[in-house]
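This is what each chain is made of:
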Amino acid sequence: METIEQNWRLKGRGGALSERTRQRWIRYLVAYLFILPALLLYVTFVLRPTIEVFVLSLYKWNGISATREWQGLANFQLLMTDKIFWQALRNNLIWLVVILFFNVVIGLMAAALLSMDIKGRVIFRLGYFLPVVQASIVTAMIWRWIYNPDGLLNNALKAMGLGGLARGWLGDFTWALPALAVAAGWAGFGMSVVLLLAGMQSIDQSLYDAARVDGANYPQTFRYVTIPGLRNVITIVILLAMQGAFQVFDIIWATTEGGPIRATEMLATYMFKKGIMENEYGYGSAVAVVLAIIILGFAITNITLRERGDE
Amino acid sequence: MSSRPRILRFFALLIVLAFGIAACTPAAAPAGEADASAKTKIVIWMGGEPGTVNTFSRLAESYQDEHPEVEIEATFIGSDLFNPTLLPALNAGTGPDIFATGTGPGQPAAIIEAGHALNLTRYYCEYGWNEVIPDWVVTQTSSDGKLWAVGDSVETTLFFYNRQIFADNNLPIPTSWEEFISTVEALKAAGYEIPIGLGAADKWPISHWQTMLWGRFASPEGVNDVMFGDGRWTEDHFVRATTVLKELNDAGYFGPNPLAVVYDDMMAQFWRGDIPMTFTGTWVIGDAVAALGEETQNFGIFQMPPLTPDQEIYPTQSIGTGWYINADSPNPDVAADILNYIFFRPESRIALLESGDTVPVGPLDMESVNLPSLSEEVFASIDVFAANGSIPAFFDTIQPSNMTSITYDGLQAVLAGQMTPEQFNEEIQAAWEKAKAEGTIMKASGAVACD
Amino acid sequence: MSEMQSAAPRRRSQMIADRFKKAVNQVLVYAVLIGLLLFALIPLALAWFTAFKTSEQILFNPYGPPIPPHLDNLINAWTVGRFSVYFKNSFIISITDVMAMLVVAPLAGFAFGRMRFPGERMLLVLFLTGLTIPTSAIIIPLYLVMRDFGLINEYGSVIIADVALAAPIFIFIMRAAFRDLPGELEDAARIDGATEFGIFWRVMLPLAKPSLLTLVLLEFLWSWNDLLLPLVFLTSDNLRTLPVGMLFYRGRFSVDYGLMSAGVLIISLPVIVMFLFFQNSFVKGLTGGALKG
């Protein structure tokens, strides 16, 4: 930004004080004007509703009557003892683990392999990314079909002689959640591969050359040069996964709606059910507040780590 | 930046605050009222898949033909999203003129108390609906002596079975519990992986079983005792009923994976002949007739036999849906006229009956009607047993919504062995008491009077 | 990356062993990559195949290619299934979203990226918090705000909400893009007496074309695939978008796989075509946005 500073200083030396100030204020005004549309939209349609959610979480409201009952922090106290809330939180964490596996482990592996001398790298990258551009409802429908008791997965297992493993995946209390998480992992790992590949390209080539001179083979180079160089990108991948894992709604709603027996209940679906379907808008807002705080926590971590990493 | 005077920062803050305040003031309410065009527009919301064409939508269209000054827009919304969409809309004043949703003590209480349902008593008396709608339906759709909804149909639940399969295996229609069990066992032995179809993934089909079993074990008086009196859902007969459901599942009668079975999938398999029988209701007849035509004669019905020697067969009976008029509708009279046309005009009632879509409430002129075979069988069966009294067909449409979630998840848990029947009934009772304390249970009213 | 070759001379047999190991490595690497590719593509391919099959074909040949292909499912979904209506609505909303975002985000991004003004950092942080708010958390008050503006059941509600919610991300992307541009052109323009807007419009914006393309692609993608906002704000069936339509047909889709696959194809096709054509831009923009932020 030195040029702008120099600019202003240049003009300052040349003109009278009031002229310089006037110019500066005009520039401020223009800046505000440029930001105005975004700001107006944002404040009205994002900020204000967010504040209202926080406010609403302190009341009890059925969504339709003209009056709201003040609860103070009672909703949050209730939340702490709510079995289903904790189950949903646990489910979000399990989801996170699966997604992290797909994004970090599989993503890194694929990116590492692709960064070698591979023919048709573009095709691989394209293919991995195709699931990423699908709508969540599409992912949900396709995988619901795959997991059908009479669907692709069970038939494949039977064909391989593993028929004993076949089951009603989305109706199984233990397997419904991991099954859906795999579907989400399928839909997301391509993004991670792309990000990691791009990150790899920005690693200083001289580091690789130094490693070669030192006699390192590929796995060693990977461990001591690539991964540290990718630290930033890996952090981003992890934090994107965290944000995604806690916001999950669409894919659950389109398949199991939180069932069977809350096995796939997520914070977002619980909030929707409690708040909107059971007319407990206050309580639902309390869940929303907790959700927002968790995600905000991750986002702040994201920024802090990245700022620190930039040094 | 530190060299900038503090006043600039303050000024910036002020600007942001100004925007905030400006944004917090809602825009003036739109001036849009019904414009001066000749047509009166009536919006109807029904539960179901978009693009559904059923007898209701067809009758609405013929009303449009007969009344060219009225334009009817019928929208279908998926049933689990219906209330979540309806409530905010009613609140916002953007709701439909007519909406079809639940009846009974629990569900519409919030809507009625918030004043969004129009009091229909006037139309009830003027149009003569009071001579058609039976008392028990009025009781479930009114409170404080005011009628809030028109019940559109009487639905009943019972077993549907595949005649061919039964014949092939020499199976009788069971008339006793022992016969029922031996029939199901025989079907299992004959290689049917799912003898009794149950779409447990969708949860509500299990609650239909639960409702029927609870009514059978408690008798109509026992049920009313809890719904309107001091009875408790934790009484022995209710717990016994839940246990029977669990035992049926443990014996594998619902197949190996009922929780993975989606209702629509299961019904498709039933009509295809892959599943010998299922317990469901009269609402399936319309679609079956539309899809299979004459072939529906390959299927029959029977009542669940008495589960213990001292039990009676009580047919189940519940109102299908209640049709309400939005209290904020600008054209209530037209809306009421449409309701009258669809439900009370003799030709409409015949059309509804003949399609198998619904059984309209009230006396039915069966003579001149050409019913689908399944419907005829259902009526005949009800005729035989009606004198014993009837029990509700589904609790989940008449109980408050917090109880519904507990019911749905609890039943799945019972089937999965994660909850005992005693625990389930206790949870239901606890939720029932909570709802009563909060007043989300509408008190039943007496009859609605017309002077 | 090939194995390190040490400076010492190698015996011939060892060279053969090395080459063999290298070949095995190659095979392994390709095997893993192709395996992963199959994992990514098979579910999609199966869905696309099924879209062109009749019910008999689905029954007897559930996993193979549709030979011969039939268009019945697609026609069915398009007409009876009303996907033509949903497609039109999705299209209108997404295009308008993109155009609106093209107005909103580059302007703000330019201001944040190349202009200095008081409260800049604070406003930036303000927008940052918006990135963390999940739509599902604020849907109820958002609905009420839309009601106050009389926008329920109008395209405008979804468009405005889409833009408001996604603006922070694109502001950051545009900010990064503008920041990276060389300052000399701007200096030259200033010396020539250009206004701020002039600099923006004539100098900076054309240089930021790649990021603009990214903006267009991403906003279209997110808008096209969005489920929750159109679900809640557009209740009339005539205004529904494709994802919502698919959600409501869930029951029928669990029975009619051909129809479901046709729906999947209709909703995926525009996005896939777009992606295939603009692959590089997608990738560059996503990584740029995420890495630089």
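None of these values were measured; they are calculated from a predicted model.

Scanning chain B from terminus to terminus reveals 17 helices and 13 strands. Split into buried and exposed, the 451 residues of chain B put 56% on the buried side. Sequence separation of 24 or more characterises 79% of the internal contacts of chain B that already satisfy a separation of 6 or more. Working note: accessible area of chain B is about 18,400 Å², and carbon and sulfur atoms make up 52% of it.

Of the regular secondary structure elements, chain A holds 14 helices and two strands. Along the first, second and third principal axes, the C-alpha atoms of chain A reach 85 × 75 × 30 Å. Burial status across chain A gives 57% buried among its 311 residues. Considering only contacts within chain A whose residues lie at least 6 apart along the sequence, 67% involve residues at least 24 apart. Summing over all exposed atoms, chain A offers an accessible surface of approximately 13,300 Å²; the carbon and sulfur share of this is 64%. For chain A, the distance from the average position of its 26 positive side-chain charges to the average position of its 20 negative side-chain charges is 3 Å.

What follows concerns the interface of chain C and chain A. Every contact between the two is made by 96 residues of chain C and, on the other side, 97 residues of chain A. Between chain C and chain A the total buried area reaches about 9,000 Å² when both faces are included, carbon and sulfur atoms providing 77% of it. Our count for the chain C to chain A interface comes out at two salt bridges. Note that Arg250(C) and Glu257(A) form a salt bridge whose closest N and O atoms lie 3.1 Å from each other. The tally of links between chain C and chain A comes to 14 residue pairs in polar contact (both at pLDDT 80 or more). Top element by residues in the side of chain C that touches chain A is helix H1 (residues 12-51) of chain C. It accounts for 17 residues. Split into classes, the residues belonging to the side of chain C that touches chain A amount to 72 nonpolar, 14 polar and 10 charged.

Attention now moves to the sheet that holds strand S2 (residues 70-77) of chain B. All names here are of chain B. Here five strands make up an open sheet; going across it, the order is S2-S1-S3-S13-S6 and the pairing mixed. In this open sheet, the two strands that pair with only one neighbour each are S2 and strand S6 (150-151). Note that strand S1 (residues 40-47) and S2 share eight bridges and pair parallel. Bridge pairing in S2 links Gly-47 to Ile-77. Of the strands in this sheet, S1, S2, strand S3 (98-101), S6 and strand S13 (322-325) touch helix H13 (residues 332-344), which is tilted by about 160° from S13.

So, on to the domain arrangement of chain B. Residue and element names in this part refer to chain B. Each assigned domain of chain B is listed with its residue range as follows: domain 1 (38-153 + 319-365) and domain 2 (157-314 + 379-438). Centre-to-centre separation of domain 1 and domain 2, based on C-alpha positions: 28 Å. Between domain 1 and domain 2, the residue contacts involve 13 residues of the former and 12 residues of the latter. Overall, the association of domain 1 and domain 2 removes approximately 920 Å² of surface from exposure, summing both partners, and the carbon and sulfur fraction of that is 60%. Our count for the domain 1 to domain 2 interface comes out at zero residue pairs in polar contact (both at pLDDT 80 or more). Its residues assigned to classes, the side of domain 1 that touches domain 2 shows five nonpolar, seven polar and one charged.

Throughout the structure, instances matching the rule amount to 10 cavities of 30 Å³ or more. Each pocket or cavity is described by its volume, and for the largest cavity that value is around 210 Å³. Lining the largest cavity are 16 residues, and of these Ile276(A), Pro84(B), Pro88(B), Tyr143(C) and Val232(C) lie nearest its centre. Tallying contributions element by element places helix H3 (residues 79-92) of chain B first for the lining of the largest cavity, with five residues.

A word on the interface of chain B and chain A. At the interface, 35 residues of chain B touch 38 residues of chain A. Between chain B and chain A, the buried area comes to about 2,900 Å², and carbon and sulfur atoms account for 59% of it. Connecting chain B to chain A are one salt bridge. A salt bridge links Asp409(B) to Arg262(A); the nearest nitrogen and oxygen atoms lie 2.6 Å apart.

As enumerated under the stated definition, the model contains 22 salt bridges over all chains in all. Residue Glu73(B) pairs with Lys41(B) through a salt bridge whose shortest N-O separation is 2.9 Å. With a gap of 32 residues between them, Glu73(B) in strand S2 and Lys41(B) in strand S1 connect regions that are remote in the sequence. Owing to a relative accessible area of 16%, Glu73(B) belongs among the buried residues under this scheme. One salt-bridge network, in which partners are shared between bridges, spans Arg48(A), Glu52(A), Arg147(C) and Asp148(C).

Ile67(C) connects to Pro68(C) through a cis peptide bond whose omega is 0°. If you check the backbone angles, Ile261(A) has positive phi at about 50° while not being a glycine. Its place among the elements puts Ile261(A) in the loop between helix H12 (250-255) and helix H13 (267-277). Classification of Ile261(A) as buried rests on a relative accessible area of 9%. Positive phi values are uncommon outside glycine, yet Asn170(B) reaches one of about 55°. Classification of Asn170(B) as exposed rests on a relative accessible area of 70%.

So, on to the nonpolar core. In summary, soluble globular proteins display a tendency toward joint burial of nonpolar side chains. Membership of the largest hydrophobic core comes to 228 residues, with the highest contact counts inside it found for Trp95(A), Tyr128(A), Phe117(C) and Phe233(C). The element best represented in this core is helix H4 (residues 83-114) of chain A, accounting for 16 residues. Sequence-distant contacts of Trp95(A), that is, excluding residues within four places in its chain, are made with Leu177(A), Leu180(A), Ala181(A), Ala184(A), Ala245(A), Val248(A), Ile251(A), Ile252(A) and Met266(A). The next biggest cluster of nonpolar side chains, apart from the first, holds 48 residues, and it includes Phe180(B), Ile196(B), Leu307(B) and Ala413(B).

This paragraph deals with a nonpolar patch on the surface. Judged by side-chain polarity, Leu269(C), Val273(C), Phe277(C) and Phe278(C) come together as a nonpolar surface patch covering roughly 400 Å² of accessible area. Here Phe278(C) lies in the loop between helix H14 (257-277) and helix H15 (279-292).

On to the sheet that holds strand S8 (residues 157-162) of chain B, then. Residue and element names in this part refer to chain B. Ordered by their spatial adjacency, four strands build an open sheet running S9-S10-S8-S11, and the pairing between neighbours is mixed. Two strands in the sheet have a free side with no partner beyond their single neighbour: strand S9 (196-197) and strand S11 (299-302). Note that S9 and strand S10 (residues 277-281) share two bridges and pair parallel. Residue pairing for S10: Ile-196 is matched across the bridge by Met-277. On the sheet, helix H12 (residues 283-292) packs against S8, S10 and S11 and is oriented at approximately 115° with respect to S10. Its contacts with the sheet put helix H15 (residues 373-385) on S8 and S11, and the angle it makes with S11 is roughly 15°.

Our next topic: the environment of Phe82(B). Residue and element names in this part refer to chain B. Residue placement: Phe-82 occurs in helix H3. Taking the C-alpha atoms as reference points, Phe-82 and Val-448, separated by 366 residues in sequence, lie 28 Å from one another. Among residues more than four places away in sequence, those in contact with Phe-82 are Trp-45, Met-46, Gly-47, Ile-77, Phe-99, Ala-100 and Thr-101.

In this section: the domain arrangement of chain A. Domain boundaries in chain A define domain 1 (2-56) and domain 2 (83-310). Its C-alpha centre places domain 1 of chain A at a distance of 39 Å from the equivalent point of domain 2 of chain A.

So, about the side chain of Arg216(B). All names here are of chain B. Within the secondary structure, Arg-216 is located in helix H9 (residues 204-228). Despite its burial, Arg-216 pairs with no opposite charge; the closest candidate is Glu-312, at 9.2 Å N-O. Once residues within four sequence positions are removed from consideration, Arg-216 is found in contact with Gln-303, Met-304, Pro-305, Pro-306, Leu-307, Gln-311, Glu-312, Ile-313, Tyr-314 and Ile-391.

Another point: the packing of helix H9 (residues 196-207) of chain C against helix H10 (residues 209-225) of chain C. Residue and element names in this part refer to chain C. One way to put it is that H9 packs onto H10 with a least axis distance of 5 Å and a crossing angle of 75°. It follows from the interaxial angle that H9 and H10 lie roughly perpendicular. Residue-level contacts link Leu-205, Pro-206 and Leu-207 of H9 to Lys-209, Pro-210 and Leu-212 of H10. Here the residues of the contact of H9 with H10 are counted per class, giving five nonpolar, no polar and one charged.

Criteria and thresholds
- Residues numbered from 1 in each chain as written.
- Chains lettered and ligands numbered in written order.
- Predicted model: local features only at pLDDT ≥ 70, side-chain atom pairs only at ≥ 80, totals over all residues.
- Heavy atoms only, no water.
- Helix = DSSP H or I, 4+ residues; strand = E, 2+ residues; numbered from the N terminus.
- Buried < 20%, exposed > 50% of the residue type's maximum accessible area, 1.4 Å probe, protein only.
- Contact = heavy atoms within 4.5 Å.
- Areas by Shrake-Rupley, 256 points an atom, 1.4 Å probe, with all protein chains shown as cover.
- Lys, Arg positive; Asp, Glu negative; His and termini not counted.
- Charge placed at Lys NZ, Arg CZ, Asp CG, Glu CD.
- Buried area = accessible area lost by both parts, 1.4 Å probe.
- Salt bridge = Lys/Arg side-chain N within 4 Å of Asp/Glu carboxyl O.
- Polar contact = N/O pair within 3.5 Å; in protein donor to acceptor, adjacent residues only side chain to side chain.
- Nonpolar A, V, L, I, M, F, W, Y, C, P; charged D, E, K, R; others polar.
- Pairing = 2+ DSSP bridges.
- Axes fitted to C-alpha atoms, helices over the stretch in contact; angles between N-to-C directions.
- Domains from an automatic or database assignment.
- 1 Å grid on protein atoms, 1.4 Å probe; cavity = no way out; pocket = protein on both sides within 12 Å on 5 of 7 lines; lining within 4 Å.
- Points joined across faces, edges and corners; volume = space filled by probe spheres on them.
- Core = buried A, V, L, I, M, F, W, Y, C linked by side-chain atoms within 4.5 Å.
- Patch = residues over 30% accessible without salt bridge, like charges linked within 9 Å, V, L, I, M, F, W, Y side chains within 5 Å.
- Parallel < 35°, antiparallel > 145°, perpendicular 65-115°, else oblique.

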